[in-house]
Number of protein chains: 2
Amino acid sequence: MSAIRHALNTKREDDFAAWYQEVISAADMAEESGVRGCMVIKPWGYGIWERMQRLLDDRIKAAGVQNAYFPLFIPLGNFTREAEHVDGFAKEMAVVTHHRLISDGKGGLIPDPEAKLEEPLVVRPTSETIIGDAMSRWIQSWRDLPLRLNQWANVVRWEMRTRMFLRTSEFLWQEGHSAHASAEEAKAETMMALELYRSFAEEDAALPVIAGEKPENERFPGAVETWSIEAMMQDGKALQAGTSHYLGTNFAQAADIHYQNREGREELCHTVSWGMSTRMVGGLIMTHGDDDGLRVPPALAPFQVVILPMLRDKPEDDALLAYCEELRAMIAGQGALGEPVRVLHDTRPGKAATKRWDWVRKGAPVIIEVGSRDMENGAVSLLRRDALWNAETGKPAFQSPTRELAAQSISTILADIQNGLLVEARERREANIVRDIDTMEDLAAHFGEDRKYPGWVEVQWSKPTGEGLEKVVEQLKALRLTLRNVPMHVPPADGTCIFTGEPAVERVFVARAY
Amino acid sequence: MSAIRHALNTKREDDFAAWYQEVISAADMAEESGVRGCMVIKPWGYGIWERMQRLLDDRIKAAGVQNAYFPLFIPLGNFTREAEHVDGFAKEMAVVTHHRLISDGKGGLIPDPEAKLEEPLVVRPTSETIIGDAMSRWIQSWRDLPLRLNQWANVVRWEMRTRMFLRTSEFLWQEGHSAHASAEEAKAETMMALELYRSFAEEDAALPVIAGEKPENERFPGAVETWSIEAMMQDGKALQAGTSHYLGTNFAQAADIHYQNREGREELCHTVSWGMSTRMVGGLIMTHGDDDGLRVPPALAPFQVVILPMLRDKPEDDALLAYCEELRAMIAGQGALGEPVRVLHDTRPGKAATKRWDWVRKGAPVIIEVGSRDMENGAVSLLRRDALWNAETGKPAFQSPTRELAAQSISTILADIQNGLLVEARERREANIVRDIDTMEDLAAHFGEDRKYPGWVEVQWSKPTGEGLEKVVEQLKALRLTLRNVPMHVPPADGTCIFTGEPAVERVFVARAY
């Protein structure tokens, strides 16, 4: 066994946070923009987000939800109205106060005092209020219900401490918003969105998630119920990767969304909202990345196969390029995971080995190098990103199939990688969930200093509310822990609440979190 | 011949501007949001924009340009720097000055004076400066060139007079930005983007366009060359539907975008930018709309076929719904214009006739109604939106094919409608271009009060610059006319300049414009 020299400088086990930043930079996914809290999403990072958008949008359309677009700016008054109904609405928002720049007389520009807005505008942090306005105009009778909309948009929440993809002042997301005639229908829609996220996360992003209800203290302000999918990162922390909120009639009351029922009576609508964001890209990195960079699940890879001709700036290059171009066409004619294979013939100048490591760090699922000897043998050198190293030799584990066989097996290889990443992540998660802790002492010990990546603990609790819940949150906070969610499809509680000593009513996940 | 009762109240020939607004409202495409100058794009309007995005993006990707995402906010300093280089940069922009709201103590919210930004942020009106910053970081040597990026984004330009889709304060667009080693390569990219727009407009949007160079006075501020595609609306006015700019080294100088060439010398890059926006949706309406509403070209229709079961709230409805569902599946299995057919089985409550007219106004290419008699005959009632009326009877021109035949012929019908709309628009445009006017008197007479929709005039000119050009612009302004563009692929000039009397050097279009 020879030592492997990994492609990154930082290892996950040494410094997970530094490793995360290195992946983003080494895979050329994003960078700080110089504008406070805003990042530039570079082509590889954005390409992954585009794939997420495409696949999630397909699911949204298949569910019969319609996309629309609402204004970026929300009049300040909307928030005032909202604030009456919703305590604790975050107020860190970007506020537009002027609509013109003028010269300051010294070569610079300043906001024109003559162009001050009568009512400031807020850059949307989320669109409940502006979409609620539209719903109140669009809904008259039960015939107009359900009204089910989705928007792909940028939103801004002024963040003091930012981290690329995980927490940025501007981020990209989709926000679903619907209005229904009854609580039952609205709750069903809430669960529809949750299942949409679960299936997208597991089937497309290869991210195993726990779907469940958030405890009261973690609800979206104004929501009656908040549901989430939670994913475990490789440092054992939880990432909330998508949320779906049943809002009851709270927002309908604030925005005056009512309808005439079949009997002619006016009723308030029940509304729902649900969102998933570019945060998911961060979750992808922290789930599938390794010490060589990112590994992109094939369903989300902008390019699933990259062909690298080993050019030598000689006349023979032409034949090699033609050989590779034929391979590209053969692969492009194949399908994988229900779509045509996305293949790149990377003919940019530069050494093939340098380019190979670039694509390893970016996490392209399959890299195919072709040198003149490969060509003479009618073969190629194929490297799977999920099986990068030969442990015996400490070298990249190239296979040498014929060109035809390589092309024909791409579909199977990609499906295998997609499935393998999910299985690996699921096994890791299950290995890092503890379910037999039932005292606070054991909980504290489990999350003690000696355990670097202590994972999640599923405990039983009595689901206290109000002050009782506040106490629990305080206890956990002292251990730097949070309540994540109450999982669905688990055995009923049969023990004692770890926090109160009362009979438990359900199970809840406790973890450190992003 | 019986009189036809059209589906709209306003006819194009009576009041084109009012007709335009009525189509938008009757086709349920968009509405005023209540936020100054910003519209809500409703599902049908947004669905058309999504189709435009998808098809244009496919072309952009096929051209090898990569998508990325840059911040919404641009520091004020970027504009100051730009202003030094570029006179006449529009200064009507949304300016963010605060990052928090606080209570005003009277139940309202105000921008928190403690949270005033040191440097105000501008909501991007276009992204040359922020993308230029990134390019200056990303480009070191000739190996990094060309750098070819595209962004799908919202942008804001504070507009005093707005009109839905055509001019709104916030709008959606794509903006391509590239950096090149030489003027030749940059100019080739400029033309690449122009051709991309031309082919998208004609092949996907069925919008015949004239591609050509804008005269100096119509250039993007700071550009060396600006090229456009211009489409003729049904009132004879021109709509600039996409632009591509060769920026020389002007922006590279301002943003410090340079590279080391093969000889090791530092050189400035040549940059290019190009954009197409939701304005295109306005162009679609004014090109393909008629007195019954919109007609969406099948390539851009969110639903190409709508099936309307004539339900009667009786037990027999079940059989009818099953019959229609089978039809839906048969049609969904067909392909048209290179994609699976997009078909909707509209089972919402409501009378079939009411729903029919809704879909006529929205412009769904094919509407298929099915009543119990149709079902008994194994048939359907099929209506083509491009051949809506039977001129003899003054009634909708339903055909009665068998269900199987209807499903099998959808592909041909959709291709035929797509082509027919393009041919119709091209013939109308050619009929409304005059090429034999060579005096200002004749030009003034042609655009005189008696001609309601006078179309375009192609004149010959000597291409004056500076003050000479200003004079021409003034002359035209008095007739409410503008110079549109200098068309490509036309015979060389052989006459006298209509403005200066000097020998002409090229041909240029003169028209009223949006």
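Basis of the calculations
- Within any chain, residue numbers begin from 1 and follow the written order of that chain's sequence.
- Written order decides the labels, with chains lettered from A and ligands numbered from 1.
- Side-chain atom pairs in this predicted model are given and counted only at pLDDT of 80 or more, local residue features only at pLDDT of at least 70, and totals for whole chains, interfaces and linings cover all residues.
- Remark: hydrogens and water are excluded; side-chain values derive from all non-hydrogen atoms of the structure.
- UniProt positions are given in the numbering used here, feature names are shortened, and annotations may be inferred rather than shown by experiment.
- Delimitation of the domains relies on an automatic or database domain assignment.
- For two strands to be treated as a pair, DSSP must find at least two bridges joining them.
- Put simply, DSSP H or I for four residues or longer makes a helix, DSSP E for two residues or longer makes a strand, and each gets a number counted from the N terminus.
- Contact between two residues is taken to exist if any of their heavy atoms lie within 4.5 Å; hydrogens are not considered.
- The buried area of a pairing is the accessible area, by a 1.4 Å probe, that goes missing from both parts when the two are put together, added over both.
- Each salt bridge in this description consists of a side-chain nitrogen of Lys or Arg and a carboxyl oxygen of Asp or Glu lying within 4 Å of one another.
- Polar contacts here mean pairs of N or O atoms no more than 3.5 Å apart (in protein, one a potential hydrogen donor and the other a potential acceptor; neighbouring residues in sequence count only if both atoms are side-chain atoms).
- Residue polarity is assigned by list, with Asp, Glu, Lys and Arg as charged and Ala, Val, Leu, Ile, Met, Phe, Trp, Tyr, Cys and Pro as nonpolar; anything else, Gly included, falls into the polar class.
- Copy-to-copy alignment: least squares on C-alpha atoms, limited to residues at pLDDT 70 or above in both.
- The angle between two axes is taken between their N-to-C directions and runs from 0 to 180 degrees, where each axis is a line fitted to C-alpha atoms and a helix contributes only its stretch in contact.
- Orientation labels follow simple angle bins: below 35 degrees gives roughly parallel, above 145 gives roughly antiparallel, 65 to 115 gives roughly perpendicular, and whatever is left gives oblique.
- Two helices cross in a left-handed way if the nearer one is turned anticlockwise from the farther one by less than a right angle. They cross in a right-handed way if the turn is clockwise.
- Exposure classes here rest on a 1.4 Å probe applied to the protein chains alone. A residue is buried below 20% of its type maximum, exposed above 50%, and partly exposed in between.

As named in an unreviewed UniProt entry, chain A is Proline--tRNA ligase, taken from Aurantiacibacter gilvus. A UniProt comment under Subunit (unreviewed entry) is attached to chain A, and it reads "Homodimer." According to UniProt, the comment filed for chain A under the heading Catalytic activity (unreviewed entry) is "tRNA(Pro) + L-proline + ATP = L-prolyl-tRNA(Pro) + AMP + diphosphate".

**What about the domain arrangement of chain A?**
Segmentation of chain A into domains returns domain 1 (16-288), domain 2 (303-415) and domain 3 (435-511). Taken over C-alpha atoms, the centre of domain 2 of chain A sits 49 Å from the centre of domain 3 of chain A.

**Overview of the sheet that holds strand S26 (residues 456-461) of chain A**
All names here are of chain A. Within the open sheet, the four strands sit side by side as S25-S26-S29-S27. Their pairing is mixed. Strands at the two margins of the open sheet, each flanked by one partner only, are strand S25 (433-434) and strand S27 (482-483). Sheet topology note: the S26/strand S29 (residues 506-511) ladder contains five bridges and is antiparallel. Bridged to Glu458 within S29 is Phe509.

**Points about the interface of chain B and chain A**
In this complex, chain B contributes 63 residues to the contact, which on the side of chain A involves 63 residues. Both faces considered, chain B and chain A share a buried interface measuring about 5500 Å² in area, 65% of it formed by carbon and sulfur atoms. Counting the surface chain B buries against chain A, the share from its top three residues, Tyr69, Leu101 and Leu109 of chain B, is 12%. Between the two partners, chain B and chain A, sit six salt bridges. The partner of Glu31 of chain A in a salt bridge is Arg137 of chain B, and the shortest N-O contact between them spans 2.6 Å. Our enumeration of links across chain B and chain A arrives at 32 residue pairs in polar contact (both at pLDDT 80 or more). Ranked by residue count, the leading element in the side of chain B that touches chain A is helix H2 (residues 43-62) of chain B, at seven residues. Of the residues contributing to the side of chain B that touches chain A, the split by class is 38 nonpolar, ten polar and 15 charged. As judged from the three bridges shared by strand S5 (residues 95-98) of chain A and strand S5 (residues 95-98) of chain B, these two strands associate in the antiparallel manner.

**Topic: the relation of the copies chain B and chain A**
Expressed as a screw operation, the relation of chain B to chain A combines 0.0 Å of axial shift with a rotation of 180 degrees, fitting to an RMSD of 0.0 Å. Classification of the inter-copy transformation places it as that of a two-fold axis. When C-alpha distances to the rotation axis are compared across chain B, the minimum falls at Val96 of chain B, with a value of 2.1 Å. Of all interface residues in chain B, 100% are interface residues in chain A too; the two copies therefore contact each other through one and the same surface.

**Points about the pairing of S5 of chain A**
Pairing between S5 of chain A and strand S8 (residues 116-123) of chain A: three bridges, direction antiparallel. In the sheet register, Val96 of chain A faces S8 of chain A, and the bridge partner there is Leu121 of chain A.

**Observations concerning the packing of helix H1 (residues 16-26) of chain A against helix H7 (residues 279-288) of chain A**
Between two packed helices, the angle of one axis relative to the other and the distance separating the axes together describe the packing. All names here are of chain A. Running from N to C, H1 and H7 point in directions that differ by 115 degrees, and their axes come no closer than 11 Å. Judged by the inter-axis angle, H1 sits roughly perpendicular to H7. Of the two elements, H1 crosses H7, and the hand of that crossing is right-handed. Within the contact between the two elements, H1 uses Phe16, Trp19, Tyr20, Val23 and Ile24 and H7 uses Gly282, Ile285 and Met286. Of the residues contributing to the contact of H1 with H7, the split by class is seven nonpolar, one polar and no charged.

**Observations regarding the environment of Glu263 of chain A**
Residues and elements named next belong to chain A. Along the polypeptide, Glu263 turns up in the loop between strand S14 (258-260) and strand S15 (266-268). Assessed through its relative accessible area of 60%, Glu263 is described here as exposed. In this structure the C-alpha to C-alpha distance between Glu263 and Pro298, which are 35 residues apart in sequence, comes to 52 Å.

**Digging into the packing of H2 of chain B against helix H5 (residues 183-204) of chain B**
All names here are of chain B. Remark: H2 packs on H5, axes separated minimally by 10 Å, with the N-to-C direction vectors making an angle of 140 degrees. As far as their axial angle goes, H5 and H2 are oblique. For the pair H2 and H5, the sense of crossing is right-handed. Residues Met52, Leu55, Leu56, Arg59 and Ile60 of H2 lie in contact with H5, whose contacting residues are Leu196, Tyr197, Ser199, Phe200, Glu203 and Asp204.

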